[in-house]
Amino acid sequence: MLKVDTSTLTDVINQCFDYSMDGRFDLNQQSAFLAEGKRLRGLLLNLLSAQFDDATPAVLKANKQLDAVNTSLSNATAVLAKTVQTLNEIAALVGNLDKLLNVAASFI
Amino acid sequence: MTRILYAKRKAAIRQHSSRAGGFVSTEKSGTKLAAFSNTFIAVIRHLVTTVLCVAIFAGCAVNRYQAPVSAFRDRTQQTIGVLGDFYSSRNSYEIDAYLQVVAADSKLEVLETDAQGQPTPLGRPVFSPASIKARLDALNLVGIYAGRLYDLANTTAPASFQTSATVLGDNLGSLDKTFQKLQGAADPTANKYIGPISGLIGTIGQMFLEHARDQLIKKAIADGAPQVDSILAQMRDDMDNIFSKEVVTGAKERLAILAHAYNVERSQLTFEQRTARLLEIKAASAEAAASVGSAPSNVVSSMMSAHKALVEAAASSDKARPMNLAALNSALEAWTTQIQSLAAQVKLLIH
């Protein structure tokens with residue numbers, strides 16, 4: 001059985017929350033990071049116990065996307081320079097993870 | 001040692017023989033009694049030698065498991081208490097987190113189902129009650145295992161081991177009675193043997209008790225250990241893969257929501273209101289710091305280490321046992337320290 005990379009998802013969520021409290025971003029950007037972090041955490045709670053059939057394409061794609069977003073967020077300077085783009089990447093991730101809940105084989 | 005005893009006994013006999021009014025008082029009866037006493041002295045010497053040898057080769061008559069198994073039982077109960085509280089509070093923790101989000105945004109309603117048709121923590125528990133109960137039941141099972149080991153290590157039922165002790169015990173018992181009959185004028189020195197013989201009977205009985213108890217504990221640990229290890233390993237994986245992620249993101253979310261709400265609303269707050277909000281933020285910050293330490297997982301890991309040391313001590317040879325018991329005691333002390341520091345951290349995580 002395949003699972004979503006919840007360790008990386010946890011890191012992404014915490015980075016969103018950290019940036020929501022980062023004075024280098026304006027208040028609107030902080031609000032946006034907070035909102036995405038809350039959405040992602042809601043998805044995490046469902047995905048922690050979700051299992052998928054082996055090699056489910058949507059899961060493999062989501063895990064790659066998680067890795068990419070995590071890498072982007074880990075560089076604060078890059079995030080500051082491309083805040084809008086980064087927030088769009090996170091929003092796309094939220095959408096894809098949300099779709100996974102409908103294809104989960106089981107929840108343990 | 002036995003040669004010294006024999007030499008002293010011979011010297012005492014010579015001394016008694018030369019005194020008037022000693023047990024060699026008349027020529028005829030004195031000769032018989034002297035021969036009788038010499039025989040008993042020889043028997044006692046033989047028995048003392050035998051008992052000392054058995055004690056030495058059996059690793060001495062000490063309940064070596066009582067202290068470590070009692071400590072293992074006590075630490076297990078404490079760990080079950082801490083982890084039981086943690087498991088039981090998971091869903092109320094998520095309800096708190098959800099209500100925190102609502103509180104921070106006056107535009108949000110309190111709902112059981114959100115606008116996308118998904119249940120909120122109020123509408124459906126995040127962690128199924130059956131799953132939580134299964135984990136609590138598994139914890140209780142480990143507690144029962146530790147309790148049974150404790151019962152075995154502290155049994156005082158020599159009747160259970162009577163068969164092993166009967167033969168030697170009967171012989172010693174009749175010897176004890178014989179000396180009791182002899183005490184007084186017939187043999188004034190006989191009473192000196194009554195106390196030691198009674199003590200020997202008790203010692204030998206205890207040695208059979210200890211040996212049989214040791215075997216029972218070894219078997220109980222060997223039989224139960226694989227299942228306990230499996231339960232604890234699953235529990236630790238639960239903590240690492242599910243609950244630590246829930247807690248670390250939950251604590252961070254709580255802090256971020258409080259901080260953001262303060263930053264947005266601070267110009268509208270009085271000094272007292274700002275102070276109260278900042279105190280909440282401080283508490284949330286402490287919780288976030290505690291959550292990073294993986295407290296529940298560490299408690300389970302230290303319990304697993306102590307259990308592993310207990311299994312090794314039980315399975316070890318007589319030669320290796322002292323070293324392994326020392327290692328067990330060290331693991332138990334480390335576990336004790338972990339429980340104390342982690343219990344305080346877990347308390348911060350329980351809502």
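Just above, that's the structure.
What you see is a predicted model; the values in this text were computed from it and never measured.

Participant: Please explain helix α1 (residues 6-20) of chain A as it appears in this structure.
Facilitator: It helps to recall that an α-helix has 3.6 residues per turn; residues three or four apart then point in one direction. Residues and elements named next belong to chain A. Taking 1.5 Å as the rise per residue, α1 with 15 residues should run 21 Å; its terminal C-alpha atoms sit 21 Å apart, in good agreement. Of all the 15 residues making up α1, 12 are buried; the element is thus mostly covered by neighbouring parts of the structure. Among all positions of α1, only Thr 6, Thr 8, Leu 9, Thr 10, Val 12, Ile 13, Asn 14, Gln 15, Cys 16, Phe 17, Tyr 19 and Ser 20 are buried.

Participant: Hey, could you run me through helix α5 (residues 83-100) of chain A in this one?
Facilitator: Residue and element names in this part refer to chain A. With 18 residues, α5 should reach 26 Å at 1.5 Å per residue; the first-to-last C-alpha distance of 26 Å fits that figure. Residues of α5 that are buried include every one of Thr 83, Thr 86, Leu 87, Ile 90, Leu 93, Val 94, Leu 97 and Leu 100, and no others. Taken down its axis, α5 places every buried residue within 125° of arc, on the same side. Within α5, the exposed residues directed more than 90 degrees away from the buried face are Val 84 and Lys 99. Elements in contact with the buried residues of α5: α1, α2 (27-47), α3 (57-73) and α4 (76-81).

Participant: It is not clear to me how the pattern of salt bridges should be interpreted in this structure. Could you clarify?
Facilitator: Two side chains carrying opposite charge are able to pair once their charged atoms lie near each other. For the structure shown, the criterion picks out 14 salt bridges over all chains. In this structure, B:Lys252 engages A:Asp18 in a salt bridge whose closest nitrogen and oxygen atoms are separated by 2.6 Å. Linking B:Lys252 in helix α7 (residues 191-265) with A:Asp18 in helix α1, this pair reaches from one chain into another. Linking A:Arg41 and B:Glu94 is a salt bridge whose minimum nitrogen-to-oxygen distance equals 2.8 Å. Taken together, the residues span two chains, with A:Arg41 in helix α2 and B:Glu94 in helix α4 (residues 90-104). Residue A:Arg41 is classed as buried on the basis of its relative accessible area, which comes to 3%. Using a relative accessible area of 2% as the deciding quantity, one classes B:Glu94 as buried. Here the salt bridges do not stand alone but share partners, grouping A:Arg41, B:Glu94 and B:Glu253 into one network.

The rules behind these values
Residues numbered from 1 in each chain as written. Chains lettered and ligands numbered in written order. Predicted model: local features only at pLDDT ≥ 70, side-chain atom pairs only at ≥ 80, totals over all residues. Heavy atoms only, no water. Helix = DSSP H or I, 4+ residues; strand = E, 2+ residues; numbered from the N terminus. Expected span 1.5 Å × (residues − 1). Buried < 20%, exposed > 50% of the residue type's maximum accessible area, 1.4 Å probe, protein only. Arc of directions from axis to C-beta. Contact = heavy atoms within 4.5 Å. Salt bridge = Lys/Arg side-chain N within 4 Å of Asp/Glu carboxyl O.

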